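# Observations on chain architecture
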Amino acid sequence: MEGCKKKMRSWWMTSPSTILLGFMVPLIVVSGLVALVGLSSSNWLLNSNYYPWMKSSIFSSAPFSANLNLSAAMSSPKDGRVKLDLRRRVVGSGEREEARSDDYGLNLSTAPPLAIEARESTQEESVENKEKIFIIPTNRSHHLPSFNETHALPLSSRIKRKFNNLEILEAKLQRVRAAIRDAKKGNQMHDPDYIPTGPIYRNPNAFHRSYLEMEKQLKVFVYEEGEHPIFHNGPCGSIYSVEGYFIHNLEISNFRTRNSENAQIYFLPFSVTSIVHFIYDKNVIKHRWRPMKQTVKDYVELLAGKYRYWNQSLGADHFMLSCHDWGPEISKSVPELFKNSIRALCNANTSEGFEPSKDVSIPEINLPGGRMNGLIGGPSPSRRPFLVFFAGGLHGPIRPILLEHWENKEDDVQIHKYLPKDVSYSAMMRKSKYCICPSGYEVASPRMVEALYTGCVPVLIKDHYVPPFSDVLNWKSFAVVIPKEEIPNLKKILTAISTRQYIRMQRRGKLVRRHFEVNFPPKRYDVFHMILHSVWLRRLNIRLHGL
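Per chain, residue numbering runs from 1 following the sequence as it is written. For a predicted model such as this one, the threshold for reporting local features is a pLDDT of at least 70, and the threshold for listing and counting side-chain atom pairs is 80 or more; totals across whole chains, interfaces and linings nevertheless cover every residue. Calculation of side-chain values draws on the structure's entire complement of heavy atoms; hydrogens and water are dropped beforehand.

Under an unreviewed UniProt entry, the name given to the protein is Glycosyltransferase, and the organism recorded is Forsythia ovata.

## Focus: the confidence of the model for the protein
For every residue, the predictor reports its confidence as pLDDT, a number between 0 and 100. Scored by pLDDT, the protein comes out at a mean of 79, with 70% of its residues at no less than 70. Contacts for the low-pLDDT stretch residues 1-15, under 50 throughout, to residues beyond four places or in other chains number 2 contacts. We call two residues contacting when some pair of their heavy atoms lies within 4.5 Å. Here residues 34-153 is a poorly scored stretch, pLDDT under 50, and it has 244 contacts once near neighbours within four places are set aside; other chains count.

## Comments concerning the packing of aromatic side chains
Classification of ring pairs uses Phe, Tyr and Trp, with its six-membered ring standing for Trp, and accepts pairs whose centres are within 6.5 Å; under 30 degrees between planes counts as stacked, over 60 as edge-to-face, and the remaining range as tilted. Inspection of the entire model under this criterion finds 26 aromatic pairs. Their ring planes at 40° and their centres at 5.3 Å tell us that Phe-246 and Phe-528 sit as a pair that is tilted. Of this pair, Phe-246 sits in helix α7 (residues 241-251) while Phe-528 sits in helix α18 (residues 527-540), and the two are 282 residues apart along the sequence. There is no split in this pair, since Phe-246 and Phe-528 are both buried. Relative to Phe-319, the ring of Phe-267 lies with its centre 4.7 Å away and its plane at 35°, an arrangement referred to as tilted. Highlighted residues: Phe-267 in strand β9 (residues 265-267) and Phe-319 in strand β10 (residues 318-322), separated in sequence by 52 residues. Like Phe-319, Phe-267 is buried. Aromatic ring contacts, followed pair by pair, group Tyr-245, Phe-246, Phe-267, Phe-319, Phe-520 and Phe-528 into a single cluster. Note that Arg-371 overlies the ring of Phe-520, its terminal NZ or CZ placed 4.0 Å from the centroid. Either the NZ atom of lysine or the CZ atom of arginine qualifies as a charge over a ring when it sits within 6 Å of the ring centre and within 35 degrees of the ring normal. Over the aromatic face of Tyr-194 sits the side chain of Arg-514, whose NZ or CZ is 4.1 Å from the ring centroid. The helix and strand labels rest on DSSP assignments: H or I over at least four residues marks a helix, E over at least two residues marks a strand, and numbering proceeds from the N terminus. Exposure categories follow from relative accessible area, calculated using a 1.4 Å probe and restricted to protein chains: below 20% of the type maximum is buried, above 50% is exposed, and the middle band is partly exposed.

See below:
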């Protein structure tokens, strides 16, 4: 043993490499420990909750992005906000959010906006040619250890991150959602023309803010492809007049943009009424839908081949408009058009695939001369001798029941199949307190708007129907809704409404009438702008990312 110790001591004292090794081992150990600490610190930098944009990012393709758990974020009842039932549904490469609130039907997403500052070029630039840069400020620096230095080098306090045009657009919409959510707290905004108030709105402050945001932000790209009379055209003097009126005024409005990169939404400018009029052959029975559906299919395929916008969202940020009864069926010509796109329809029947959170219910308005001349106005409630009025053919399942129980039964209940030739339909509406608006073959009818025009309180008797602009308007505050099973009790229900309540409803109908008026040119808050506003709200329900 003693010999072994001497031998080792002799080897230790005589080896120069051993002396060097004795100094190197502690340095290696210390360097390894420092490296481990540095990697841990660096990983914290990437995963830290300190940066709000990392948790609020809605773009899965962006660096360091994280998916938001919005259901969890909005389910907390803290700070007194209304608890929302927020559901998500993937639509193609995008994602649609449906936020439902008991006091407001805007269906708006309410996640906080991105904490970013945009530096946008003054010139219009293509996304492929140049990306815009967002500067994301931080208010403290982090230190990474150096392997060659004994001190850490500070990072820059400003991190540059590049966003493409779509991401910038979605970030702006995110801020709009937050602004509408905050408006529900009751902060009024100045408006020289009109400030929505009262029970005719589900939430007047939120509606007002969303409308003003639409005026500032919304840009619609109208595809120029297609020729008259099917495209960029429509009727303006019939019960389908909304089609031609909207298409014409959108194409000349300030909401239209010629730069497709600046648009939040894209319009398919075909008229279903024109398709039916010019393409439908009533003598063909077996495949009567095929030529009409093929026209829409070919048009969408043309656009999808020429532009990238349809394919990048599978149609989720596109919309069509139809007041013809066959609009829902013709929209099935392209599966994505039916399932993903926003469909503005007069025939808003949930039993036929209408989805209130995605689709838009628009009013059917009969303009015999293409104008509202002579349609607006009526006498006061005290000068209306009849309790209720209806005249119309036996179309659909509801009207036969109505006439069976009430036709020619009582003097103050004016229910007719046909009016005598010397009796004016509009005059009878002006003499009645309530006007019945039942479904025919389809749920849409111009009677609701006619009643509002003449100061008659609408009585809706419809199944599976979503009234126009019901995301904003509280229809029960100015109309009576009766299920068809209660038709035998019609008079009992109406007479149970007090005179005071009837007068309130009649006055509210006069106030809400401005949202259904057809103006040339359009005026703020009229039917053109209300249709566009409903489309705007559905666009806010969509978040496009990962493209």
